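# Working through the structure, step by step
If you want the building blocks of each chain, they are given just below.
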Amino acid sequence: MKSYEMLLESNRAWAEKQNAEDPSFFEKMAKGQSPEFLWIGCSDSRAPADKLTGTDPGQIFVHRNVANLVVHTDFNLLSVLQYAVQVLKVKHIMVVGHTGCGGVRAAMGNKSFGLIDSWIKGIKDVYVQNEKELMAIENEDERADKLAEFNVIQQVNNLKNTTIVQNAWKEGEYPYLHGWILELKSGHIKQIVELDKSSMDDSVDVFKYSI
Ligand code: ZN
């Protein structure tokens, strides 16, 4: 059997199991979605949102890209964010980085990888902003993992600086913004930052939109 055929076979087995456990599962799923969470994670195959959190289809709206970046000119990310916040009205948005991230590691080095150099350039800026603390860490893997944390904090701040999130905060308390790190060695996720609308009070003026 070819490797991709295994996927289709596993899919059939999964659907049958799901149906056996709850015969109305797919009927409900086909009717629509109302997920409470938006997950912005890394494309890394080891960081699947639902597996890691034990959630079912329908529970998490997902956007993934290399190194879980929130780039203000990325229409893909912005479209997902706008739909999640304005239409699905998600209550929580989590930016999820992880240890051993290849994108973060590449941003720490000097090697050129082509097109992706431009994509991960923002992480180099995060490195420069936190250079003193990062340079104090001798072990390169540990330094990369610390940079992954700083990167997640920056991306959460980027979320905060969108009109999409600020508009929602003018109307209510949601969404809450979370920065998480998945530790690959244990499979555990830890939260490193959480922001709500009150965080606008100490936001730099230039990022505050009058809407
Ligand atoms: Zn990664």
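Please read all numbers here as calculations on a predicted model, not as lab measurements.

Definitions and limits used
Residues numbered from 1 in each chain as written. Predicted model: local features only at pLDDT ≥ 70, side-chain atom pairs only at ≥ 80, totals over all residues. Heavy atoms only, no water. Donors = N, O, S within 2.8 Å, 3.2 Å for Na, K, Ca; no water. Helix = DSSP H or I, 4+ residues; strand = E, 2+ residues; numbered from the N terminus. Buried < 20%, exposed > 50% of the residue type's maximum accessible area, 1.4 Å probe, protein only. Pairing = 2+ DSSP bridges. Axes fitted to C-alpha atoms, helices over the stretch in contact; angles between N-to-C directions. Contact = heavy atoms within 4.5 Å. Domains from an automatic or database assignment. Patch = residues over 30% accessible without salt bridge, like charges linked within 9 Å, V, L, I, M, F, W, Y side chains within 5 Å. Areas by Shrake-Rupley, 256 points an atom, 1.4 Å probe, with all protein chains shown as cover. Salt bridge = Lys/Arg side-chain N within 4 Å of Asp/Glu carboxyl O. Parallel < 35°, antiparallel > 145°, perpendicular 65-115°, else oblique. Nonpolar A, V, L, I, M, F, W, Y, C, P; charged D, E, K, R; others polar. Expected span 1.5 Å × (residues − 1). Arc of directions from axis to C-beta. Polar contact = N/O pair within 3.5 Å; in protein donor to acceptor, adjacent residues only side chain to side chain. Left-handed = near helix turned anticlockwise from the far one by under 90°.

### Let's talk about the coordination of the zinc ion
Surrounding the zinc ion are the protein donor atoms Cys42 (SG), His98 (NE2) and Cys101 (SG), which sit 2.1 to 2.3 Å from the metal. Sequence spacing of the donor residues for the zinc ion, all on one chain, is C-x55-H-x2-C. In this pair, Cys42 sits in strand E1 (residues 37-42) while Cys101 sits in the loop between strand E3 (92-98) and helix H5 (102-108), placing the two residues 59 residues apart along the sequence. There is no split in this pair, since Cys42 and Cys101 are both buried.

### What to know about the sheet that holds strand E2 (residues 60-65)
Spatial ordering of the open sheet is given by E2-E1-E3-E4-E5, a layout of five strands whose pairing is mixed. The open sheet has two free edges, formed respectively by E2 and strand E5 (188-195), since each of these has just one partner strand. With direction set aside, neighbouring strand axes in the sheet form an average angle of 25°. Here E1 runs beside E3; their pairing, made up of five bridges, is parallel. Pairing of Leu38 across the sheet is with Ile93, part of E3. The strands that helix H4 (residues 75-87) touches are E1, E2 and E3; relative to E2, the one it contacts most, it runs at about 165°.

### Looking at the domain arrangement of the chain
What the domain assignment reports for the chain is domain 1 (1-32) and domain 2 (34-207). For domain 1 versus domain 2, the distance between C-alpha centres works out to 30 Å.

### A short note on a nonpolar patch on the surface
On the surface, Tyr4, Leu7 and Leu8 cluster together into a nonpolar patch covering about 350 Å² of accessible area. Mapped onto the elements of the fold, Tyr4 is located in helix H1 (residues 3-21).

### Details of the packing of helix H7 (residues 121-129) against helix H9 (residues 140-160)
Packed helices, taken two at a time, are described by the angle their axes make and the gap between the axes. Relative orientation of the contacting elements H7 and H9 amounts to 105°, with a least axis distance of 9 Å. On the basis of the axis angle, H7 is roughly perpendicular to H9. In this structure, H7 uses Ile123, Val126, Tyr127 and Gln129 to contact H9, whose residues at the interface are Arg143, Leu147, Phe150, Asn151 and Gln154. By residue class, the composition of the contact of H7 with H9 is five nonpolar, three polar and one charged.

### Things to note about H4
Taking 1.5 Å of rise per residue, 13 residues should cover 18 Å, and H4 covers 17 Å from first to last C-alpha, within 8% of that figure. The set of residues buried in H4 consists of Leu77, Leu78, Val80, Leu81, Ala84 and Val85. What you see down the axis of H4 is that its buried residues fit within an arc of 160°, all on one side. Exposed side chains of H4 directed beyond 90 degrees from the buried face belong to Phe75 and Val87. On its buried side, H4 packs onto E1, E2, E3, H9 and helix H10 (163-171). A distance of 3.0 Å separates the backbone nitrogen of Asn76 from a side-chain oxygen at the start of H4, and that oxygen is part of Asp74.

### Some thoughts on the packing of H4 against H10
Taken N-terminus to C-terminus, the directions of H4 and H10 make an angle of 10°; their axes are 9 Å apart at the nearest point. Classified by the angle between their axes, H4 and H10 sit roughly parallel to one another. Like other packed secondary-structure pairs, H4 and H10 cross with a definite hand, here right-handed. Between H4 and H10, the residues in contact are Leu78, Leu81, Gln82 and Val85 and Ile164, Val165 and Ala168, respectively. Broken down by class, the residue content of the contact of H4 with H10 amounts to six nonpolar, one polar and no charged.

### Considering the pattern of salt bridges
Any two side chains of opposite charge can pair if their charged atoms end up close together. A complete count under the given rule lists eight salt bridges for this structure. With its nearest N and O atoms 2.5 Å apart, the salt bridge here joins Asp141 to Arg105. Taken as a pair, Asp141 in helix H9 and Arg105 in helix H5 lie far apart in primary sequence, 36 residues in all. For Asp141, a relative accessible area of 46% corresponds to the partly exposed category. We note a salt bridge from Glu149 to Lys146, for which the minimum N-O separation is 3.4 Å.

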